[in-house]
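Chain and residue survey
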Amino acid sequence: MAQKGAQLDQETISCSICLDLLKDPVTIPCGHSYCMNCIKAHWDGEDEKRIYSCPQCRQTFTPRPVLVKNTMLAALVEELKKTGLQAAPDDHCYAGPEDVACDVCTGRKLKALKSCLVCLASYCEKHLQPHHDVAPLKKHKLMEPSKKLQENICSRHDEVMKMFCRTDQQCICYLCSVDEHKGHDTVSAAAERTERQRELEVSRQNIQQRIQDREKDVKELQQEVKAINDSADKAVEDSEVIFTELISLMEKRRSDVKQQVRSQQETEVSRVKELQEKLEQEITELKRKDAELEEASHTEDHTEFLQNYPSLSRLSESTDSSSINIRPLRYFEDVTAAVSELRDKLQDVLRDQWTNISLTVTEVDVLLSYLEPMTRDGFLKYSRELTLDPNTVNTRLSLSEENRRVTLMMTKQCYPSHPDRFTICGQVLSRESLTGRCYWEVEKGKGGVSVVVTYKHNNTVNERFGDDDKSWSLGFYKSRYDFRHNSVQTPVSGPRSSRVGVYLDHSAGILSFYSVSETMTLLHRVQTTFTQPLYAGLWLDGPIENTAELCQLNS
């Protein structure tokens, strides 16, 4: 008995209620056995119904059966404990809510190891064994455990769906093919699977080819990143060397000027002091002579005076007063003026060259074309904080809010004369130049406003923005929009809003105007080639006190 017992597992002598080894086992009339306390507790819950059932087979008993300990089963359990009962499966072997359970196990079910497409059932390792040992079962098709086996059964005919209707693109059973799908293009599920498998393989080949292409693209982009980084590092390193040389040159010139000024200062001071000493010596000699002559002039004895007079020392030759330059002297002010002139010329050169350098830097491009942002958050990544240039503002316009807001005034404003000032049109440029990718927004007041992108204007011409080929102007008013370029005005449709957003991609030659409210709507897009840095501009129409403001954006 010990040998047979050793072949039993824990499930055989376990209570299906507590899932533990039987304790004080009792056998009820249907033949199933339970722990005495477990079945008592189960039937205590059924006392009100007066009908008592088996938890496994659901057979009912009336009246409530009398429970008597099954001494033979109890002895078997004890004997098995002594002779080496097989270890209970680990908890992870039992099926959970997300697992496929064995359809044969009773009580607590084990996880299924395989599902059979012929039996339409799932089996744990123990109950799957006949499919490995029994010849007819070996022919069955086994697959990974599936909860969808019953989906293979036709709900109409309760038959396995082994056919496929190509007309209706659905799985059917054989009876369906001669019933409601009669005359349709039907094939076996296996044949359709073979066809679809070929399509799947083609799709996989396409996907794998795309993966290879994308991996190649990624590799190219990685190489591009490395090339960009290497080029940028070299440019920074070379620029540092060049600027260091420029600074060194400026330092040398500064030292040279300082040394020459100090040397000339020493020479001139020495010359002046030498002349000063001569004059001071002459003054001393003259004072002594004057005292001698004064003393002689007070001699009362005429004879004595006349006798001493020839011995009075004669005056020495006077220092030539022409050696003293009495014209107004500027000393070293001309040096300062010359250095100032050099500074101004260097500033002009640096400003002009910096524009070219900046434009060259921003026109660096990569392999892939750049896509314009799709959302306002995407545009805000390129937001620029712009201010208006007081040197360009027309005298009928007043600046405020740290030079971000402009207001149309009735009276002229007092601005100093400047060559960049607009003197006829009520317009103003931004102080900052625009290169690369930029985004900004303009909020208008109660009148008409034109939002402008332009090259630096020759303000002596004083054309209105949009009247030449160097400026692009979107006017927005209470009930309409229009776009103006090279004196051609084009009506623009779009939702009315008090705010317009402007997106510029200088290197790509893209200029876009958007209506901004809860959403962004494209009003007009320009595709061209920009050859110089650009500036933002504003033009204001009436009424008086109409305003426009460059908005502060939180990127």
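Here the structure is a predicted model, which means the values were calculated and not measured.

1. Brief notes about the confidence of the model for the chain
- Chain-level pLDDT for the chain is 86 on average; 89% of the residues reach the 70-or-more range.
- Across residues 1–7 the pLDDT falls below 50, and counting only partners more than four positions away or on other chains, this stretch makes eight contacts in the model.

2. Some details on the nonpolar core
- The biggest cluster of nonpolar side chains holds 36 residues, and the ones touching the most others in it are Trp-440, Val-500, Leu-511 and Leu-538.
- With four residues, strand β22 (residues 534–540) is the largest single contributor of residues to this core.
- Here Trp-440 is in contact with Arg-384, Leu-386, Leu-434, Val-452, Val-453, Val-500, Gly-501, Val-502, Leu-504, Ala-536, Leu-550 and Leu-553, once residues within four sequence places are set aside.
- In terms of nonpolar packing, the next biggest core, distinct from the first, is built from 19 residues, Cys-15, Met-36, Tyr-52 and Phe-61 among them.

3. Things to note about the pairing of β22
- A large share of β22 lies buried, amounting to seven of its seven residues.
- A two-sided burial pattern is seen for β22, the buried positions comprising Leu-534, Ala-536, Leu-538 and Leu-540 on one face and Tyr-535, Gly-537 and Trp-539 on the other.
- Inspection of the sheet shows strand β15 (residues 449–454) paired to β22 by six bridges, in the antiparallel sense. Bridge pairing in β22 links Ser-450 to Trp-539.

4. Here's the deal with the packing of aromatic side chains
- In total, this model carries 12 aromatic pairs according to the counting rule given.
- Taken together, a centroid distance of 5.9 Å and an interplanar angle of 40 degrees make the contact between Phe-305 and Tyr-309 tilted.
- Given the relative accessible area of 30%, Phe-305 is considered partly exposed.
- Site record: aromatic cluster; members linked through ring pairs are Phe-379, Tyr-382, Tyr-439, Tyr-503 and Tyr-514.
- The ring of Phe-476 carries the charged tip of Lys-444 above its face, separated from the ring centre by 6.0 Å.
- Residue placement shows Lys-456 over the ring face of Tyr-535; its charged tip is 4.7 Å from the ring centre.

5. Description of the sheet that holds strand β16 (residues 471–476)
- The strand order across the open sheet formed by six strands is β13-β22-β15-β16-β17-β18, and the pairing between neighbours is antiparallel. Because the sheet does not close on itself, it has two edges, and the strands there are β13 (427–434) and β18 (488–492). Within this sheet the neighbouring strands show an average axis-to-axis angle of 20 degrees, counted without direction.
- Across six bridges, the pairing between β15 and β16 is antiparallel. Each bridged residue has a counterpart across the sheet, and for Val-452 the counterpart in β16 is Ser-473.

6. Details of the environment of Asp-420
- Summarising the element assignment, Asp-420 is placed in the loop between β12 (405–408) and β13.
- In this structure the C-alpha to C-alpha distance between Asp-420 and Asn-394, which are 26 residues apart in sequence, comes to 9.9 Å.

7. A look at the sheet that holds strand β8 (residues 163–165)
- Spatially, β9-β8-β10 is the arrangement adopted by the three strands of the open sheet, whose pairing is antiparallel. The sheet is open, and its two edges are formed by β9 (170–172) and β10 (186–188), each paired on a single side. Within this sheet the neighbouring strands show an average axis-to-axis angle of 35 degrees, counted without direction.
- As judged from the three bridges shared by β8 and β10, these two strands associate in the antiparallel manner. What sits directly across from Cys-165, in β10, is Thr-186.
- Sitting on the sheet, helix α8 (residues 189–297) touches β8 and β10, and the angle it makes with β10 is about 90 degrees.

8. Side note on the pairing of strand β19 (residues 499–505)
- Burial within β19 is extensive, with six of its seven residues counted as buried.
- Inspection of the sheet shows strand β14 (residues 437–444) paired to β19 by seven bridges, in the antiparallel sense. Bridge pairing in β19 links Glu-443 to Arg-499.
- Across six bridges, β19 lies against strand β20 (residues 510–516) in antiparallel orientation. Each residue of the ladder has a partner; that of Asp-505, found in β20, is Ile-510.

9. Description of the pattern of salt bridges
- Taken as a whole and assessed by the stated rule, the structure comprises 30 salt bridges.
- Among the salt bridges present, the one from Glu-192 reaches Arg-166, with a minimum N-O distance of 2.6 Å. With Glu-192 in helix α8 and Arg-166 in the loop between β8 and β9, this pair connects stretches of sequence that are 26 residues apart.
- As a salt-bridge pair, Glu-292 and Arg-288 come within 3.5 Å of each other at their nearest N and O atoms.

Criteria and cut-off values
Residues numbered from 1 in each chain as written. Predicted model: local features only at pLDDT ≥ 70, side-chain atom pairs only at ≥ 80, totals over all residues. Heavy atoms only, no water. pLDDT = per-residue confidence, 0-100. Contact = heavy atoms within 4.5 Å. Core = buried A, V, L, I, M, F, W, Y, C linked by side-chain atoms within 4.5 Å. Buried < 20%, exposed > 50% of the residue type's maximum accessible area, 1.4 Å probe, protein only. Helix = DSSP H or I, 4+ residues; strand = E, 2+ residues; numbered from the N terminus. Pairing = 2+ DSSP bridges. Phe/Tyr/Trp six-rings, centres within 6.5 Å; stacked < 30°, edge-to-face > 60°. Lys NZ or Arg CZ within 6 Å of the ring centre and 35° of its normal. Axes fitted to C-alpha atoms, helices over the stretch in contact; angles between N-to-C directions. Salt bridge = Lys/Arg side-chain N within 4 Å of Asp/Glu carboxyl O.

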